[in-house]
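A look at the structure
In case you want the letters, here they are:
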Amino acid sequence: DSGDYQVGSGLVMGPLDSGSVASPVMMLGALSCSVNGNPLTRILGNGSVTSRGISLERSRNVSISDFMIRDAGTGFQATNSANLTVQGMRVFESRTNGVVVGSSSNVLFQGMLIADGEYVGWAGYNNIQAQIRNSVIWSNQFEAIRVVGGSLNLSNSVLQSANSPNYIFVLQGGGTIK
């Protein structure tokens, strides 16, 4: 589906919205893009720091693709979840972190753009096991990526931090950069 969707507190998926390995739950935006390359399915936050664009809590076997999230507190959040694939997502102008992953495993982000956020572009904590591939994390106010506890494999991606005294990548607790 295409169009703009105003969300106050965000779209929340929980354990009842989970799929199986053979048949994951799929949340698909419009496959076509605007002339500037952004997805035509847009989730628009209310600008509150406590709001979420998309939030997965204890979800399993979920695939999400081709959404743009703008002006949410946190653009995308996954907590206590597993076997997630997020691809082709654009997260702009988050009031806190663009993406947050906590206590989750086997999480793949591919072909993402996270930009112009007011804090960290992509943040992971508490024993995460995640991968970022072929993505751009650009012009967020603090680090492009911060991992505190767990493992992140990063490959073929572009990272940048908007403020020169900040690090591009902060890693505490394991992980690799490829």
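Each chain has its residues counted from 1, running along the sequence as written. Per-residue local features of the predicted model are confined to residues with pLDDT of at least 70, and side-chain atom pairs are confined, for both listing and counting, to 80 or more; whole-chain, interface and lining totals are unaffected and use all residues. Each side-chain value is worked out from all heavy atoms of the structure, with water and hydrogens disregarded.

**Regarding the overall build of the protein**
Rules: Numbered from the N terminus, helices here are DSSP runs of H or I no shorter than four residues, and strands are runs of E no shorter than two. Atoms counted for the radius of gyration: C-alpha only. Globule rule: 2.2 Å times residue count to the power 0.38. Any residue under 20% of the maximum accessible area for its type is buried, any over 50% is exposed, and the rest in between are partly exposed; the area is computed with a 1.4 Å probe on protein chains only. Contact criterion: two residues are considered in contact whenever any of their non-hydrogen atoms come within 4.5 Å of each other. Counting rule for charge: Lys and Arg are taken as positive, Asp and Glu as negative, and neither His nor the chain ends is counted. Working definition for charges: the position is that of NZ of Lys, CZ of Arg, CG of Asp or CD of Glu.
On a plain count of helices and strands, the protein comes out with zero helices and 19 strands. Over its C-alpha trace the protein gives a radius of gyration of 15 Å, about what one expects of a compact globule, namely 16 Å for 178 residues. Seen along its three principal axes, the alpha-carbon backbone of the protein occupies a region of about 40 × 35 × 30 Å. Relative to its 178 residues, the protein shows a buried fraction of 47%. The long-range share in the protein, meaning contacts at least 24 apart out of those at least 6 apart in sequence, stands at 42%. Charge centroids of the protein, computed over 10 positive and 10 negative side chains, lie 8 Å from each other.

**A few points about the nonpolar core**
Heads up, the rule is: Residue types Ala, Val, Leu, Ile, Met, Phe, Trp, Tyr and Cys, when buried and joined through side-chain atoms within 4.5 Å, form a set referred to as a nonpolar core.
Judged by nonpolar contacts, the single largest core of 34 residues is most densely connected at Phe76, Phe109, Trp122 and Ile145. Contributions of two or more residues to this core are made by β5 (52-57), β6 (60-65), β8 (74-79), β9 (82-87), β11 (99-102), β12 (105-110), β14 (122-133) and β16 (145-155). Setting aside residues up to four positions removed in sequence, Ile145 forms contacts with Val120, Trp122, Ile132, Ile137, Leu152, Leu154, Leu159, Ile168, Phe169 and Val170.

**A closer look at the sheet that holds strand β7 (residues 68-70)**
The line we're drawing: DSSP calls a pair of strands paired once it identifies at least 2 bridges connecting them. Note on definitions: angles span 0 to 180 degrees between N-to-C directions of axes, and those axes are lines fitted to C-alpha atoms, for helices only across the stretch in contact.
Read across the sheet, seven strands follow the order β1-β4-β7-β10-β13-β15-β17 without closing on themselves; strand pairing throughout is parallel. At either end of the open sheet lies a strand with only one pairing partner, and these are β1 (3-6) and β17 (158-161). With strand direction ignored, the average angle separating the axes of adjacent strands in the sheet is 10°.

**Remarks on the environment of Ser155**
Here Ser155 shows up in strand β16. Sequence-wise, Ser155 and Gln131 are 24 residues apart; in three dimensions their C-alpha atoms are separated by 8.0 Å.

**Some details on the packing of aromatic side chains**
Stated formally: Working definition: rings of Phe, Tyr and Trp (its six-membered ring) pair if their centres are within 6.5 Å, and the pair is stacked with planes under 30 degrees apart, edge-to-face with planes over 60 apart, and tilted otherwise.
Counting across every chain of the model gives three aromatic pairs. Summarising the aromatic geometry, the rings of Phe76 and Phe109 are spaced 5.8 Å apart at their centres and angled 85° between planes, so their arrangement reads as edge-to-face. One end of the pair, Phe76, is in strand β8; the other, Phe109, is in strand β12, and 33 residues separate them in sequence. Phe109 shares its class with Phe76; the two are buried. Ring-pair connections join several aromatic residues into one group, and the members of that group are Phe76, Phe109 and Trp122.

**So, the pairing of β16**
Relative to β16, β14 runs parallel, the two sharing ten bridges. Following the sheet pairing, Ala130 is matched in β16 by Leu152. Pairing between β16 and strand β18 (residues 169-172): four bridges, direction parallel. Its bridge partner lying in β18, Val148 is registered against Gln172.

**A look at the environment of Tyr125**
Checked against the element boundaries, Tyr125 lands in strand β14. As a C-alpha pair, Tyr125 and Arg146 span 21 residues in sequence and 8.4 Å in three-dimensional space. The contacts of Tyr125, once residues within four sequence positions are left out, are Thr79, Val100, Val101, Gly102, Ser103, Val148 and Gly149.

**Thoughts on the pattern of salt bridges**
Counted only if it meets this: Salt bridges are counted wherever a side-chain nitrogen of Lys or Arg sits within 4 Å of a carboxyl oxygen of Asp or Glu.
The full count for this structure, using the stated rule, is five salt bridges. Where Asp4 meets Arg42, a salt bridge forms, and the shortest distance between an N and an O atom there is 2.4 Å. On the criterion of sequence distance, the pair formed by Asp4 in strand β1 and Arg42 in strand β4 (residues 41-44) is long-range, its members being 38 residues apart. Asp4 gets classed as partly exposed once you look at its relative accessible area, which sits at 44%. Judged by relative accessible area, which is 22%, Arg42 ranks as partly exposed. Between Asp71 and Arg95 there is a salt bridge, and its shortest N-O distance comes to 2.3 Å. Highlighted residues: Asp71 in the loop between β7 and β8 and Arg95 in the loop between β10 (90-92) and β11, separated in sequence by 24 residues. Within this structure, Asp71, Arg95 and Glu118 form a network of salt bridges that share partners.

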